[in-house]
Amino acid sequence: MSESTEKKMVRLRSSDGEVFEVEESVAKVAKTLQDMLEEDCADAVIPITCVRAPILTKVIDYCKDQVMISSSSSTTNNPNERTEQERKAWGQKFMEGVDSSTLCELLVASNFLNIEGLLNLGVDKMVSMIQGKYPQEIRDMFNVVNDFTPEEEEEIRNQNAWAFERDPYYKKRSSSK
Amino acid sequence: MEEGPRKIAPGYGDRISSLPEPILLHILSFLPTKFAIRTSVLSKTWRHLWTYVPTLDFDDNEFSFFKEDEEPMDTKKAPTDLRLFKDKDRDENFLHVVDEFLGLRNRTDIHKFRLWYSGALCAYRLRTWFSIVKKLNIKEVDIGIYKKQGPFDLPLAVFGTKSLETFKLDLHCSHLRVPNCVGFCQLKILQLVQVKFSSKYIHEKFFSNCPTLEHLTLRLCEFTCSAPLNILASGLKTLDIYQCHGLRKSEMKLKAPNLVTFSYVFTSIAKRYDFSDLVSLAYAKVRVRREGRGNCSSLSQMIRGLHSAKALSICCSSIEILAAEKDLPTYPMLQNLERLNLIAYVCSCSYYLKAVGWFFSQCPNLNKLVIDDFETKSKHMGGFICFQGKGTFRRYIGKKIANWLKTLQNVPLLA
């Protein structure tokens, strides 16, 4: 493999045909791409078949930031909890305004590309969207079609009736991760 | 490259149900069991999904035992706690649900068990639960109570649970009672919050009986009856002591050759410190303050014990207490320190400046100084912190210290 000083670029093609050119270090944040690049089986354009262009843009944004963080963190030499807080705040900001269907696509993309950090951000967001909601609210939010008959649904509800009871004043608790 | 797991058409539709099952389970595993169960009526895809979730998470603040469409009890009083209209039946109902679930899931498929409860947990029930938990190959247990009660008995079965790696306990200022001579045999993470320790109820060697422990957190804990805090743990990597009280009359002993991070924040100064063997220590954080007319002459014992640290975060008031001690060693206490984070308070900077100057002479190998303004929003500190002029203050103290440093020649500082 050639060790050129110039930054090596990688080209990615989204499911709807758009081609993105990114630095190799950015692409390598995705473990799936890292494996491919290391095995040298990705010389032309890498097709990302299950990710649409707008989603891929968001994914690349995330990867770029990760590269930036890892390059700057080598200069600060101690594990400071403030950077942890900052990272959390950054994650929240990154996920702000992401709607439910984009979120699902992001989860699929980060799962497929094997980007753990992004997957966790997505899962956190999803948890906060579902927690404290009633079934119908979740269905409305994600366009889930109820394919139970009313009798079937009633029966399932009765199996664990307590879970469907009215929520007390619901206080969101902090993630216990 | 292969095709993605499922082709998703752009536009709208039920995207969440077509997510890969491992992701859905991952999402459900972060939800309280109540909300995981609710997904079972979303659609047929979701019918049994929650039963594969490897966590059980019950919080009785999430229980109301009123029908979804029933008139809310006290909408006007809503933000007040539900404890207002809580009765015995409700408690029993909650406990029954937990009983039933633990009984049902009597298989080896639960990784995490979380239980928060506002009533009194009787020892018998706890014992029963933990005898089940013991068989479940459980990795993490998180128990909390919302109400202060008599001594909380930790059942013996907890200690015998071989698979247990993480144990979190919040007792809301109740005493913890532990059988004599036991410890966690496989535990890696122990987090105790609002726990009261008394030598009457807990053996002083308790923390030393956890050979595999890597992370220990003590938050808002209280030590009564001069109970000593002895931590002799060979595997310990991080020790985090935050806002603990009552150490003034007791001793703290720490021996942890693998300790990397030590944090001692807003905690009273103990009568005596015996720190030894902290050879791996890299990062330490110390923030204490004067407590009444208390004896503060032991802080240097702690600082001397931290001599291996390469980075230290310390507040000005700690330095001031340290500098006021009478029997200080003649040699520099922090020979290995390279980086110093100084946490400064607005109201007291010039007052502390002399002490801070002295402190630099204790760190001959310092090559980086960072001055932080207070980073906390803690209300517990009362009038101790003044909230004003952050940036200006940083510049002010920075300038003062820089000026001061010019007068000193033997401190090679790149401030």
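Only a predicted model underlies this, so the values are computations on that prediction, with no experimental measurement involved.

Rules of the game
Residues numbered from 1 in each chain as written. Chains lettered and ligands numbered in written order. Predicted model: local features only at pLDDT ≥ 70, side-chain atom pairs only at ≥ 80, totals over all residues. Heavy atoms only, no water. Helix = DSSP H or I, 4+ residues; strand = E, 2+ residues; numbered from the N terminus. Buried < 20%, exposed > 50% of the residue type's maximum accessible area, 1.4 Å probe, protein only. Contact = heavy atoms within 4.5 Å. Areas by Shrake-Rupley, 256 points an atom, 1.4 Å probe, with all protein chains shown as cover. Pairing = 2+ DSSP bridges. Axes fitted to C-alpha atoms, helices over the stretch in contact; angles between N-to-C directions. Patch = residues over 30% accessible without salt bridge, like charges linked within 9 Å, V, L, I, M, F, W, Y side chains within 5 Å. Salt bridge = Lys/Arg side-chain N within 4 Å of Asp/Glu carboxyl O. Lys, Arg positive; Asp, Glu negative; His and termini not counted. Charge placed at Lys NZ, Arg CZ, Asp CG, Glu CD. Disulfide = S-S within 2.5 Å.

1. Points about the overall build of chain A
Thought 1: When helices and strands are counted, chain A shows eight helices and three strands.
Thought 2: Its helices and strands in sequence order give chain A the pattern β-β-α-α-β-α-α-α-α-α-α, from N to C terminus.
Thought 3: A burial count over chain A gives 41% of its 177 residues as buried.
Thought 4: Nonlocal contacts in chain A, meaning residues at least 24 apart in sequence, comprise 62% of its contacts between residues at least 6 apart.
Thought 5: Accessible area for chain A stands at about 10,100 Å²; split by element, carbon and sulfur atoms hold 48% of it.

2. Quick look at the overall build of chain B
Thought 1: If you tally the helices and strands in chain B, you get nine helices and 17 strands.
Thought 2: Expressed as a percentage of its 415 residues, the buried residues of chain B come to 53%.
Thought 3: Summarising the internal contacts of chain B: among those between residues at least 6 apart in sequence, 64% fall at separations of at least 24.
Thought 4: Surface exposure of chain B reaches about 18,900 Å², of which carbon and sulfur atoms provide 52%.

3. Quick notes on the sheet that holds strand β13 (residues 272-276) of chain B
Residue and element names in this part refer to chain B.
Thought 1: The sheet built from three strands is open, its strands ordered β9-β11-β13 with parallel pairing. In this open sheet, the two edge strands, each paired with only one partner strand, are β9 (229-232) and β13. Across this sheet, the average inter-strand angle for adjacent strands is 5°, counted without regard to direction.
Thought 2: Alignment of strand β11 (residues 251-255) against β13, held across five bridges, turns out to be parallel.

4. A word on a negative patch on the surface
All names here are of chain A.
Thought 1: A surface patch of like charges, here negative, comprises Asp147, Glu151, Glu152, Glu154 and Glu155.
Thought 2: You can see Glu151 is positioned in helix α8 (residues 150-159).
Thought 3: For Glu151, a relative accessible area of 59% corresponds to the exposed category.

5. Remarks on the state of the cysteines
All names here are of chain B.
Thought 1: One pass over the full model with this rule turns up zero disulfides over all chains.
Thought 2: Cys173 takes part in no disulfide bond, and the closest cysteine sulfur, belonging to Cys221, lies 9.0 Å away.
Thought 3: For Cys173, a relative accessible area of 29% gives the class partly exposed.
Thought 4: Here Cys315 stays unpaired: no disulfide links it, and the sulfur of Cys316, its closest cysteine neighbor, is 7.0 Å away.

6. Structural notes on the environment of B:Cys210
Residues and elements named next belong to chain B.
Thought 1: Residue position: Cys210 is located in the loop between β6 (189-198) and β7 (215-219).
Thought 2: Spatially, the C-alpha atoms of Cys210 and Leu236 are 9.3 Å apart, while their sequence positions differ by 26 residues.
Thought 3: Setting aside residues up to four positions removed in sequence, Cys210 forms contacts with Gly183 and Phe184.

7. Quick look at the sheet that holds strand β2 (residues 19-23) of chain A
All names here are of chain A.
Thought 1: Strands sit in the order β2-β1-β3 across an open sheet of three strands; the sheet is mixed. Edge positions in the open sheet fall to β2 and β3 (45-47), since each of these has one partner strand only. Averaged over neighbouring strand pairs, the angle between their axes works out to 35° when direction is ignored.
Thought 2: Sheet analysis places strand β1 (residues 9-13) next to β2, joined by five bridges and oriented antiparallel. In the sheet register, Met9 faces β2, and the bridge partner there is Glu23.

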